[in-house]
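Each chain, written out:
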Amino acid sequence: MIVRASRFALLRPVLWVFVLGLLQLSLARVCLSLWKAAEVTAAHGWAQVLVSGLRVDVATMCMWLGLAAVIYLLLPSKLARSRPAQWCMAIWLTAALAVPFMLEVATPPFMSEYGLRPNRLFIEYLAYPEEVGKTLLKGHLLALVLATLLDGVVVFLAWRWIRRGLAANPPKSGGWLWRVPVAVAVMLLSALGVRSTLGHRPMNPAMVAFSSNATVNSLPLNSFYSVAHATRDWFRRDPGSRIYDTSISDEAVAAAMRAQAVAAGGDAVASEVPVLIRRAPVYAGKPRNLVIVLEESLGAQFIGSLGGRPLSPNFDRLAQQGWAFDRLYATGTRSVRGIEAVVGGFTPTPSLASVKLPKAQQDFYTLATTLHRHGYDTTFYYGGESHFDNMRSYFLGNGFTRVIEEKNYENPIFHGPWGVSDEDLFLRADAEFRRMHDEGKPFFGFVFTSSNHDPFAFPDGRIELYEQPKNTRDNAAKYADYALGEFFKRAMASDYWADTVFLVVADHDSRVLGQSLVPVDNFHIPGLILGPSIEPRRDARLVSQIDLPVTLLSLMGIGDSTPMVGQDLNRPDAGGRAFMQYDNNYALMTDESVVILQPEQPPAQFRYEPGKPLVPMPAPSPEQVQRARVNALWGTVSYQRQWHRSPRATSSSAP
């Protein structure tokens, strides 16, 4: 029996959308690859990017079209020709072209900022349309208008073309003897296309990764596939750091982390929390107040005294009066990652930051947990809306008793897309600190700035602009430094200065770019501990954000046991390692090397020199790899087992 070609006419629009989808995704990839041509060439990756990219694009279009084509084939002819069915099919086919196109249009600005295609971070931002909308309207209006117009043109043209194609190729009556086997064949081919392999595991981003450059590894993907994969992981049970190793038991991870903490000078406390550590403080007087200033996006590249651009005269001046860290590294690339490290001493994972995870919304350890028990006022000070990134829920559930946010400022000096200015924030915090000191109330103030955030809006007349136009990243960083300097002028002239330990630290760097599997240079941040009892010094040790809260408790004179696994940097033998999470890649950096873990890839070890690409080492050290795995796993294990908490009562040190 010969099946006439006309019987397959109803599939013509689907096949044309499939081909056109492949063309537009491949063209977008070629354009991105030409933009990053030097990196692709250095990785010898043109063939891998283009060939693997076609494989990913086929999988993407099969996702969109396979099931729709099968349903369309199996609909009764009369129903398939009906107006509702034709409209539904036209909408779906239009979306199959328009949605991937829109994500490709959004890719260059996202990649400029984060060095990768849109991923889970892209999805996270979509949960806050008001903040994102203000940022786009204020700082990227022209790009937004052009992208909207371009997307609108594509939707309009695709809709008209697809509607005409469906009308010109209506389903014929009957034909079930050939429709059913064709539908089965389409289903099987689509399933094979989506899996893209006959192996046990279907295709995933790790299978097309081939380079030590994270940006290049993202090029074979298309942005719809990247976002779809991240969305799937979002709704599935999150394996966390188990993507690196499933062979080590939770108890073995806890034992290794406990041994590390004891070796670093802590005493293990017998408790249902397996890693509960007591450390003797270096200060033995009346416990001091604590102020932490978390600076938004203020990486080392903006700090003159750390070899960056000359944008930080106030920080550089203060660094001569306090304990300044020359080699401090952030744990991640998001504010919530910095918050969990600096306030909670929590290690990074490839999951969402703990600030946004359900099991971390109550009885999850932070410094405020300890200090609230000691009678401290524990307040989070922010110039924007504290619901962003779930901060309000996280803080109020974990030891903080107050949140001061955008709505609590009367007649602010300046109001931008992300809330009131850093000046307003610091003025309010200083007033609160003075009041509580006068009342004899000890306090912990966590002050989180926001002026150094895209679209970089800040008051006029405060600084001599570093460049034109005004609202640029560098000018905003210089304004953030100005506001910080004004705060410390007031603080140093206050009565509370004598009783307070201050920490100034960045949450993360700005524009973290992926020239390496983990771009170590972009994790370098400033850190400075200040106070009248703090001896001025420059600390050249390699240290991590998670070491800071442990060190602060020691300086305050508080020796409570905590589940934090950072090191007390008051000890001369502390430091020497840092932990970094970059998308799904995890790095343990020591003074000797950087070990990087990737999903479904063998561990890799590199030599690192600031300002230069990572240099692969021929044979990773088994000891360093095991250390990296244990530290990478601890965040996930301690979260899932609810071990990152501080029991109300604990017994004495275990033998």
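Keep in mind that what you see is a predicted model, and the values were worked out from it rather than measured.

**Some details on the overall build of the protein**
Here is step 1 of the chain: Across its full length, the protein holds 20 helices and 17 strands.
Here is step 2 of the chain: Relative to the globule expectation of 26 Å for 655 residues, the C-alpha radius of gyration of the protein, 28 Å, shows essentially globular dimensions.
Here is step 3 of the chain: Dimensions of the protein, computed from the C-alpha atoms along their principal axes, are close to 95 × 60 × 45 Å.
Here is step 4 of the chain: Taking all 655 residues of the protein together, 57% fall into the buried category.
Here is step 5 of the chain: Within the protein, residue pairs in contact and separated by at least 24 positions form 75% of the contacts whose partners lie at least 6 positions apart.
Here is step 6 of the chain: Accessible surface computed for the protein: about 26800 Å², of which carbon and sulfur atoms make up 61%.
Here is step 7 of the chain: Distance from the positive charge centre (63 side chains) to the negative charge centre (58 side chains) of the protein: 12 Å.

**Structural notes on a nonpolar patch on the surface**
Here is step 1 of the chain: A surface patch of nonpolar side chains, about 590 Å² in accessible area, is lined by Leu 137, Leu 141, Leu 142, Val 145, Leu 146 and Leu 149.
Here is step 2 of the chain: Tracing the backbone shows Leu 141 in helix α8 (residues 141-168).

**Points about the nonpolar core**
What tends to happen in soluble globular proteins is that the nonpolar side chains get buried as a cluster.
Here is step 1 of the chain: Within the largest apolar cluster, 133 residues are counted, with the highest numbers of intra-cluster contacts made by Ile 339, Phe 433, Phe 444 and Phe 446.
Here is step 2 of the chain: Top contributing element to this core by residue count: helix α5 (residues 83-114), with 9 residues.
Here is step 3 of the chain: Those residues in contact with Phe 444 that lie beyond four places of it in its chain are Leu 290, Ile 292, Leu 367, Ala 368, Leu 371, Tyr 376, Asp 377, Thr 378, Thr 379 and Phe 400.

**Notes on the pattern of salt bridges**
Here is step 1 of the chain: Counted according to the given criterion, the structure contains 29 salt bridges.
Here is step 2 of the chain: Between Arg 117 and Glu 104 there is a salt bridge; the shortest N-O distance is 3.2 Å. Taken together, the positions of Arg 117 in the loop between α5 and α6 (120-126) and Glu 104 in helix α5 put the pair 13 residues apart, joining distant regions of the chain. A single burial state applies to Arg 117 and to Glu 104, both of which are buried.
Here is step 3 of the chain: The residue Arg 402 makes a salt bridge to Asp 377 at a minimum N-O spacing of 3.3 Å.

**A look at the sheet that holds strand β17 (residues 615-616)**
Here is step 1 of the chain: The antiparallel open sheet is built from 5 strands, whose spatial order is β13-β14-β15-β16-β17. Two strands close off the open sheet at either side, each with one partner strand: β13 (577-582) and β17.
Here is step 2 of the chain: Across the face of the sheet, helix α20 (residues 622-640) comes into contact with β13, β14 (585-590), β15 (594-597) and β16 (604-607) while running at roughly 125 degrees to β14.

**Considerations on the sheet that holds strand β9 (residues 443-448)**
Here is step 1 of the chain: Read from one edge of the open sheet, 8 strands run β6-β5-β9-β3-β10-β11-β4-β12, paired in mixed fashion. Edge positions in the sheet fall to β6 (402-404) and β12 (537-544), since each has one partner strand and no second. Neighbour-to-neighbour, the strand axes of the sheet open up by a mean angle of 15 degrees, direction not taken into account.
Here is step 2 of the chain: Along the sheet face, helix α14 (residues 335-344) touches β3 (289-295), β9 and β10 (500-506) and points at about 160 degrees away from the line of β9.

**What to know about the packing of helix α1 (residues 12-35) against α5**
Packed helices, taken two at a time, are described by the angle their axes make and the gap between the axes.
Here is step 1 of the chain: Running from N to C, α1 and α5 cross one another at 5 degrees; their axes reach a closest spacing of 10 Å. Accordingly, the angle class assigned to the pair α1 and α5 is roughly parallel. Across the interface between the two elements, Pro 13, Val 14, Val 17, Leu 20, Gly 21, Gln 24, Leu 25, Ala 28, Leu 32 and Trp 35 from α1 touch Met 89, Leu 93, Ala 96, Leu 97, Pro 100, Phe 101, Glu 104, Thr 107, Pro 108, Met 111 and Ser 112 from α5.
Here is step 2 of the chain: Taken together, the residues of the contact of α1 with α5 sort by class into 16 nonpolar, 4 polar and 1 charged.

**Quick notes on the pairing of strand β5 (residues 377-382)**
Here is step 1 of the chain: Counting buried positions over the 6 residues of β5 gives 6, a clear majority of the element.
Here is step 2 of the chain: With burial as the criterion, each face of β5 is covered, one bearing Asp 377, Thr 379 and Tyr 381 and the other bearing Thr 378, Phe 380 and Tyr 382.
Here is step 3 of the chain: One ladder, built from 6 bridges, connects β5 with β9; its direction is parallel. For Asp 377, the partnering residue across the bridge sits in β9 and is Phe 443.
Here is step 4 of the chain: Following the chain from β5 across helix α16 (residues 391-397) to the adjacent parallel β6, one finds a crossover that is right-handed.

**Remarks on the side chain of Asn 522**
Here is step 1 of the chain: Considering the arrangement of structural elements, one finds Asn 522 in the loop between β10 and β11 (524-530).
Here is step 2 of the chain: Residue contacts for Asn 522: discarding those within four places in its chain leaves Gln 301, Asp 509, Arg 511, Val 512 and Leu 513.

**Re the environment of Val 355**
Here is step 1 of the chain: Counting through the fold element by element, Val 355 comes out in the loop between α14 and α15 (367-373).
Here is step 2 of the chain: With a relative accessible area of 0%, Val 355 lands in the buried category.
Here is step 3 of the chain: Sequence separation between Val 355 and Arg 337 is 18 residues, and the spatial gap between their C-alpha atoms is 7.9 Å.
Here is step 4 of the chain: Look past the residues within four positions of Val 355 in its chain and what remains in contact with it is Val 336, Ile 339, Glu 340, Gln 361, Asp 389, Asn 390, Met 391 and Tyr 394.

**So, the confidence of the model for the protein**
Here is step 1 of the chain: When the pLDDT values of the protein are averaged, the result is 92; 97% of them are 70 or greater.
Here is step 2 of the chain: Of the regions scoring below 50 in pLDDT, residues 1-5 engages in 2 contacts with residues more than four places distant in sequence or in other chains.
Here is step 3 of the chain: A low-confidence stretch, residues 649-655 stays under pLDDT 50, and its non-local contacts, those more than four residues away or across chains, total 16 contacts.

**Some thoughts on the packing of aromatic side chains**
Here is step 1 of the chain: Within the structure shown, the criterion is met by 32 aromatic pairs.
Here is step 2 of the chain: Ring centres of Phe 443 and Tyr 496 lie 5.9 Å apart, and the angle between their planes is 80 degrees; on these two criteria the pair is classed as edge-to-face. With Phe 443 in strand β9 and Tyr 496 in the loop between α18 (473-492) and β10, the pair connects residues that are 53 residues apart, well separated along the chain. As far as the burial class goes, Phe 443 and Tyr 496 line up, both buried.
Here is step 3 of the chain: Three or more aromatic residues joined by ring pairs make a cluster, and in this case those are Tyr 381, Phe 426, Phe 433, Phe 443, Phe 487, Phe 488, Tyr 496, Trp 497 and Phe 502.
Here is step 4 of the chain: Residue placement shows Lys 359 over the ring face of Tyr 639; its charged tip is 6.0 Å from the ring centre.

**A short note on the packing of helix α17 (residues 422-438) against α18**
Here is step 1 of the chain: The N-to-C vectors of α17 and α18 enclose an angle of 20 degrees; their axes lie 9 Å apart at closest approach. With respect to each other, α17 and α18 are oriented roughly parallel. Considering the relative orientation of α17 and α18, their crossing is right-handed. Here α17 contributes Asp 422, Glu 423, Phe 426, Leu 427, Asp 430, Phe 433 and Arg 434 to the contact with α18, which in turn contributes Tyr 479, Ala 480, Tyr 482, Ala 483, Leu 484, Phe 487, Arg 490 and Ala 491.
Here is step 2 of the chain: Class assignment of the residues belonging to the contact of α17 with α18 gives a composition of 10 nonpolar, no polar and 5 charged.

Conventions used here
Residues numbered from 1 in each chain as written. Predicted model: local features only at pLDDT ≥ 70, side-chain atom pairs only at ≥ 80, totals over all residues. Heavy atoms only, no water. Helix = DSSP H or I, 4+ residues; strand = E, 2+ residues; numbered from the N terminus. Rg over C-alpha atoms; globule rule 2.2 N^0.38 Å. Buried < 20%, exposed > 50% of the residue type's maximum accessible area, 1.4 Å probe, protein only. Contact = heavy atoms within 4.5 Å. Areas by Shrake-Rupley, 256 points an atom, 1.4 Å probe, with all protein chains shown as cover. Lys, Arg positive; Asp, Glu negative; His and termini not counted. Charge placed at Lys NZ, Arg CZ, Asp CG, Glu CD. Patch = residues over 30% accessible without salt bridge, like charges linked within 9 Å, V, L, I, M, F, W, Y side chains within 5 Å. Salt bridge = Lys/Arg side-chain N within 4 Å of Asp/Glu carboxyl O. Core = buried A, V, L, I, M, F, W, Y, C linked by side-chain atoms within 4.5 Å. Pairing = 2+ DSSP bridges. Axes fitted to C-alpha atoms, helices over the stretch in contact; angles between N-to-C directions. Parallel < 35°, antiparallel > 145°, perpendicular 65-115°, else oblique. Nonpolar A, V, L, I, M, F, W, Y, C, P; charged D, E, K, R; others polar. Right-handed = clockwise from strand over helix to strand, strands pointing away. pLDDT = per-residue confidence, 0-100. Phe/Tyr/Trp six-rings, centres within 6.5 Å; stacked < 30°, edge-to-face > 60°. Lys NZ or Arg CZ within 6 Å of the ring centre and 35° of its normal. Left-handed = near helix turned anticlockwise from the far one by under 90°.

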